[in-house]
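Structure assessment
Single-letter residue listing:
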Number of protein chains: 2
Amino acid sequence: MNTMDNQPRELEFWFDFGSNYSYLAMMRIERLASLYEVPVKLKPFLLGPIFKSFGWDTSPFVLQKLKGEYTWRDMERQCEKFGLPWTRPSNFPRRALLPLRVALVGADQPWVCEFCKQVMYMNFVADSEIDDPALVAGILTSLALPAEEWITRAQSDEAKAALRTQTEEAARRGVFGAPTFFIGDELFWGNDRLDDALEFAAR
Amino acid sequence: MNTMDNQPRELEFWFDFGSNYSYLAMMRIERLASLYEVPVKLKPFLLGPIFKSFGWDTSPFVLQKLKGEYTWRDMERQCEKFGLPWTRPSNFPRRALLPLRVALVGADQPWVCEFCKQVMYMNFVADSEIDDPALVAGILTSLALPAEEWITRAQSDEAKAALRTQTEEAARRGVFGAPTFFIGDELFWGNDRLDDALEFAAR
């Protein structure tokens, strides 16, 4: 008999730093998950190859002009509602290979959530390019970490392969956008479903 | 000076009876809007021509297989959350020309919201074809209305032209899906934004 049966289940948070609705989820998830007492596992992946598998060469917010324009207005309103700062990125969607690899090699580290929030801030508030070793090093250093060491690990062939493998896992499990939350095999899509996903995990 | 300045503004609810997320909004809007004291104006339109203008010959939930499969699971969970009955329609998206025309010619009638809820129920709970004069007449009769008279009005050239014009207005104002809510020119998309739209209207 499993004595863990009444424990809340882990929530997997699949995200790409280029995804604006992942920004909302990243900034909210730590506090919300602690209210529900649900453990969170960060799952960085590349959204680009997922979109490519649908025949799209970029974000649907770029390909679908009306929905894209709406998205930027929606982001303003959502950030106001959640009390989050917001700047529409001058480059969208931003490439985020290096920070995603750092988030992946650091996935079990105590600093990973703070690192991810800072990368999101640089993209969606400071409007900075984030696939940049100097920027990533700056964030790691601000967290009192050995920046060069983590960046070297993140740029290793193993780390590159691991991000590809994680992206393939996303595709295999039916991820079609970000953020995506899994509790076991139960998939919830979008920041709008974060509360429902936590509720489901805590049942 | 306008003495109406502190009155909540009207919310326009743009919907198609074939749209599953419009079903959620239709079943919720009357009660929610009364809590916010926001008047609601029903705006039936045809989603098909909007999708066609994007080069899509049917719903994105049919065209995008993964998102479509997700949508049906999401609907089950959303209906459970809102305490609404749900049956996945065996035909999707359903044609709804006649009931949309009735909703349009009856837009200012006191029974229109009840009529619309019953049409939605027939599509998303009873799993019935709704573009059917007998079914529409049955609903009108159940509301103690002269069914033949309203159906004749709905099938007139004026009513047909009015639904086309309303659909063109949707396109012109940037509607790209359903449900869509307008407060003045402020557009909110999706059942997930109904509360935000009402909040905005009530400010």
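Model, not experiment: these values are computed from the prediction.

The rules behind each value
- Residues numbered from 1 in each chain as written.
- Chains lettered and ligands numbered in written order.
- Predicted model: local features only at pLDDT ≥ 70, side-chain atom pairs only at ≥ 80, totals over all residues.
- Heavy atoms only, no water.
- Helix = DSSP H or I, 4+ residues; strand = E, 2+ residues; numbered from the N terminus.
- Rg over C-alpha atoms; globule rule 2.2 N^0.38 Å.
- Buried < 20%, exposed > 50% of the residue type's maximum accessible area, 1.4 Å probe, protein only.
- Contact = heavy atoms within 4.5 Å.
- Buried area = accessible area lost by both parts, 1.4 Å probe.
- Salt bridge = Lys/Arg side-chain N within 4 Å of Asp/Glu carboxyl O.
- Nonpolar A, V, L, I, M, F, W, Y, C, P; charged D, E, K, R; others polar.
- Pairing = 2+ DSSP bridges.
- Right-handed = clockwise from strand over helix to strand, strands pointing away.
- Least-squares fit on C-alpha atoms with pLDDT ≥ 70 in both.
- Disulfide = S-S within 2.5 Å.

Another aspect to go through is the overall build of chain A. From N to C terminus, chain A includes 10 helices and four strands. Listing every helix and strand of chain A by position from the N terminus yields β-α-β-α-α-α-α-α-α-α-α-β-β-α. For a compact globule of 203 residues, the expected C-alpha radius of gyration is about 17 Å, and chain A comes in at 17 Å, within 12% of that figure. Taking the principal axes of its C-alpha atoms as reference, chain A extends roughly 50 × 45 × 35 Å. Buried positions account for 54% of the 203 residues belonging to chain A.

Across the boundary between the two partners, chain A contributes 24 residues, which contact 24 residues of chain B. Taking both sides of the interface into account, the surface hidden between chain A and chain B amounts to around 2100 Å²; carbon and sulfur atoms contribute 48%. Looking only at chain A, the three residues that lose the most surface to chain B are L66, Y70 and R193 of chain A, adding up to 26% of its buried area. Across the chain A-chain B interface, the total number found is 12 salt bridges. Across the pair R203 of chain A and E80 of chain B runs a salt bridge, and its minimum N-O distance is 3.9 Å. Looking at the side of chain A that touches chain B, the elements with two or more residues in it are α4 (65-82), β4 (186-189) and α10 (194-202) of chain A. Of the residues forming the side of chain A that touches chain B, the biggest block, nine residues, is contributed by α4 of chain A. Residue composition of the side of chain A that touches chain B, by class: 10 nonpolar, three polar and 11 charged.

Residue and element names in this part refer to chain B. By the bridge criterion, five bridges tie strand β1 (residues 11-15) to strand β2 (residues 40-44) in an arrangement that is parallel. Residue pairing across strands places L11 opposite V40, the latter belonging to β2. Handedness of the crossover joining β1 and β2 through helix α1 (residues 20-36): right-handed.

What follows concerns the relation of the copies chain A and chain B. When chain A is fitted onto chain B, the two copies agree to an RMSD of 0.0 Å after a turn of 180° and an axial shift of 0.0 Å. In short, the pair behaves as if placed about a two-fold rotation axis. Closest approach to the rotation axis among the C-alpha atoms of chain A is made by D192 of chain A, whose C-alpha sits 3.5 Å away. Most of the interface of chain A is mirrored in chain B, where 100% of its interface residues are also at the interface.

Evaluation of the coordinates by the stated rule reveals zero disulfides over all chains. Between C79 of chain A, a free cysteine, and C113 of chain A, which holds the nearest cysteine sulfur, the sulfur-to-sulfur gap is 17 Å. The buried category is assigned to C79 of chain A, whose relative accessible area is 2%. Between C113 of chain B, a free cysteine, and C116 of chain B, which holds the nearest cysteine sulfur, the sulfur-to-sulfur gap is 6.5 Å. The exposure class assigned to C113 of chain B is buried, which follows from its relative accessible area of 13%.

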